[in-house]
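Below are the chains, spelled out letter by letter.
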Amino acid sequence: MPSSPKRTGRTTPVRSAPVAPAAVQIDLFPERPSVERLDPRANVGPRTGVEDLVRVRLRAVEAPHLVFHDRHGWYCEAHGATCPAVAVARAEDPPA
Ligand SMILES: [Zn+2]
């Protein structure tokens, strides 16, 4: 019986197709986004219910996104809750 060509030294299983993570990956942006926290009462109004107001610039050449955080949650002024700037603003927000 000839020797088998199969090598038995390798024990680590090879994963050819890892499962893609479901979480949003901010690393998709080649440039580090610029995040500036603003004062909601100074920018929206003294009686505003907005808890956080964050200006996010994903790229230097693009217009900044204005991200609000109020009782409705987080959302971009122009693009809504699904805007990628929202994820950036939330990542910058310190845990309460
Ligand atoms: Zn936006």
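Note: the structure precedes this text.
About the criteria used
- Residues numbered from 1 in each chain as written.
- Predicted model: local features only at pLDDT ≥ 70, side-chain atom pairs only at ≥ 80, totals over all residues.
- Helix = DSSP H or I, 4+ residues; strand = E, 2+ residues; numbered from the N terminus.
- Buried ≥ 20, exposed ≤ 12 C-beta atoms within 10 Å, placed from the backbone.
- Contact = placed C-beta atoms within 7 Å.
- Pairing = 2+ DSSP bridges.
- Core = buried A, V, L, I, M, F, W, Y, C linked by C-beta atoms within 7 Å.
- Arc of directions from axis to C-beta.
- Axes fitted to C-alpha atoms, helices over the stretch in contact; angles between N-to-C directions.

Here we take up the overall build of the protein. Regarding its fold elements, the protein presents 2 helices and 4 strands. The secondary structure elements of the protein, listed N-terminal to C-terminal, are β-α-β-β-β-α. When burial is assessed residue by residue, the protein has 14% of its 96 residues classed as buried. In the protein, 28% of the contacts between residues at least 6 apart in sequence involve partners at least 24 apart.

In this sheet, strand E3 (residues 65-70) lies alongside strand E2 (residues 52-57) in antiparallel orientation, the contact comprising 5 bridges. Residue Val-54 lies in a different strand from E3, and its bridge partner there is Val-67. The sheet contact formed by E3 and strand E4 (residues 73-76) spans 4 bridges and is antiparallel. When the bridges of E4 are listed, Asp-70 appears paired with Gly-73. Connecting the antiparallel pair E3 and E4 is a turn made up of 2 residues.

A separate point is the nonpolar core. Membership of the largest hydrophobic core is limited to 11 residues, which are Leu-53, Val-54, Val-56, Leu-58, Val-67, Phe-68, Trp-74, Ala-85, Val-86, Val-88 and Ala-89. Mapped by element, the contributors of at least two residues to this core are E2, E3 and helix H2 (84-92). Here this core takes 4 residues from H2, the largest share from any one element. Ignoring sequence-local partners within four residues, the contact set of Leu-53 consists of Leu-38, Pro-40, Asn-43, Val-44 and Phe-68.

On to the pairing of E2. One ladder, built from 5 bridges, connects strand E1 (residues 34-38) with E2; its direction is antiparallel. Looking at E2, one finds that Leu-38 is bridged to Leu-53.

Within the sequence span of H2, burial applies to Ala-85, Val-86, Val-88 and Ala-89. Seen from one end, H2 has its buried residues packed into an arc of 160°, which puts them on one side. The elements touched by buried residues of H2 are E1, E2, E3 and E4.

All right, on to the sheet that holds E3 then. Taken together, the 4 strands give an open sheet; going across it, the order is E1-E2-E3-E4, and neighbouring strands pair in antiparallel fashion. This sheet does not close on itself; its edge strands, each paired only once, are E1 and E4. If you compare each strand with its neighbour and ignore which way they point, the axes differ by 20° on average. The strands touched by H2 are E1, E2, E3 and E4; relative to E4, the strand with the most contacts, the crossing angle is about 135°.

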